[in-house]
Amino acid sequence: MSHPVNDPHLLTLSVNDAEHEVVVEPRRTLADVLRHDLRLTGTHVGCEHGVCGACTVLIDGAPARACLVFAVQAEGADVRTVESLARDGELSDLQQAFGDHHALQCGFCTPGFLMLAEGVLAEQPDASREDIREALSANLCRCTGYQTIVDAVHATACSRRGTNA
């Protein structure tokens, strides 16, 4: 016997300024739907417990762990993934700063850091280096030691507000 609460739901998700209709079981995470149904594989899945931050996306402008959000919870929200950052084949200023400051090595955590940083910079455009370091401590990186990531985000913040780093 089928239980209506477990039956698949037709959702309309707004992801990267595009509407997507998907049929999902209520237990599926946003990360799984982004990766498997919408083929937006930039959202990485690391720990699946919300600890590492590799799956960070923006939901209505705020950083969120896509592995902890059910897809049905994202209906009606504006979801942005790392694929939204580059425009017309050009890297965003933040993506370019990650390259310029060598803020990535293996790259697995990079999409999560980029989306976390976008959310932080949108909420705190005047964020200090210390503010940035504290905010970025929510995500894990096993390669870079974090300093170059902080440098890249700080340089982007300074550039966006027209000041020197």
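About the criteria used
Residues numbered from 1 in each chain as written. Predicted model: local features only at pLDDT ≥ 70, side-chain atom pairs only at ≥ 80, totals over all residues. Heavy atoms only, no water. Pairing = 2+ DSSP bridges. Helix = DSSP H or I, 4+ residues; strand = E, 2+ residues; numbered from the N terminus. Domains from an automatic or database assignment. Contact = heavy atoms within 4.5 Å. Buried area = accessible area lost by both parts, 1.4 Å probe. Salt bridge = Lys/Arg side-chain N within 4 Å of Asp/Glu carboxyl O. Buried < 20%, exposed > 50% of the residue type's maximum accessible area, 1.4 Å probe, protein only. Core = buried A, V, L, I, M, F, W, Y, C linked by side-chain atoms within 4.5 Å. Polar contact = N/O pair within 3.5 Å; in protein donor to acceptor, adjacent residues only side chain to side chain.

Looking at an unreviewed UniProt entry, one finds the protein chain named (2Fe-2S)-binding protein and attributed to Actinomycetospora straminea.

Draft legend 1. Up close: the pairing of strand β2 (residues 18-24). As paired elements, strand β1 (residues 9-15) and β2 share seven bridges and run antiparallel to each other. Across the sheet, the residue bridging to L13 is H20, located in β2. Linking β1 to β2, which pair antiparallel, is a turn of two residues; within it N16 sits at a positive phi near 55 degrees.

Draft legend 2. Inspection of the domain arrangement of the protein chain at higher detail. If you check the domain split of the protein chain, you get domain 1 (9-84) and domain 2 (93-160). Between domain 1 and domain 2, the C-alpha centre-to-centre distance is 21 Å. Contacts between the two partners involve 18 residues from domain 1 and, on the opposite side, 13 residues from domain 2. For the pair domain 1 and domain 2, the summed buried surface comes to about 1,200 Å²; carbon and sulfur atoms form 66% of the total. Together, H44, T56 and V82 form the three largest contributors to the area buried by domain 1 at its contact with domain 2, with a combined 36%. At the boundary of domain 1 with domain 2, the tally comes to zero salt bridges.

Draft legend 3. Unusual backbone geometry, seen in detail. Although it is not a glycine, R39 sits at a positive phi angle of roughly 60 degrees. When you line up the elements, R39 lands in the loop between α1 (30-37) and β3 (56-59). Residue class for R39 comes out exposed when judged on its relative accessible area of 60%. Although it is not a glycine, D60 adopts a positive phi angle of roughly 50 degrees. The residue D60 is located in the loop between β3 and β4 (62-65) in this model. Accessibility expressed as a relative area gives 56% for D60, which makes it exposed.

Draft legend 4. Region of interest: the nonpolar core. Within the largest apolar cluster, 24 residues are counted, with the highest numbers of intra-cluster contacts made by F98, F113, I132, L136, I149 and V153. The set of elements that each furnish at least two residues to this core consists of α2 (93-100), α3 (110-123), α4 (129-136) and α5 (147-161). Among the elements that take part in this core, α3 stands out by supplying seven residues, more than any other. Apart from residues no more than four positions distant in its own chain, F98 is found in contact with A103, L104, T110, F113, L114, I149, A152 and V153. Among the nonpolar cores identified, the runner-up in size contains 22 residues, and L13, V24, A66 and C67 belong to it.

Draft legend 5. Molecular detail of the side chain of Q95. Locating Q95 in the fold gives a position in helix α2. Given the relative accessible area of 15%, Q95 is considered buried. Here the side chain of Q95 touches S92 through a polar contact of 2.9 Å, landing on its backbone nitrogen. Ignoring sequence-local partners within four residues, the contact set of Q95 consists of V82, L85, A86 and L114.

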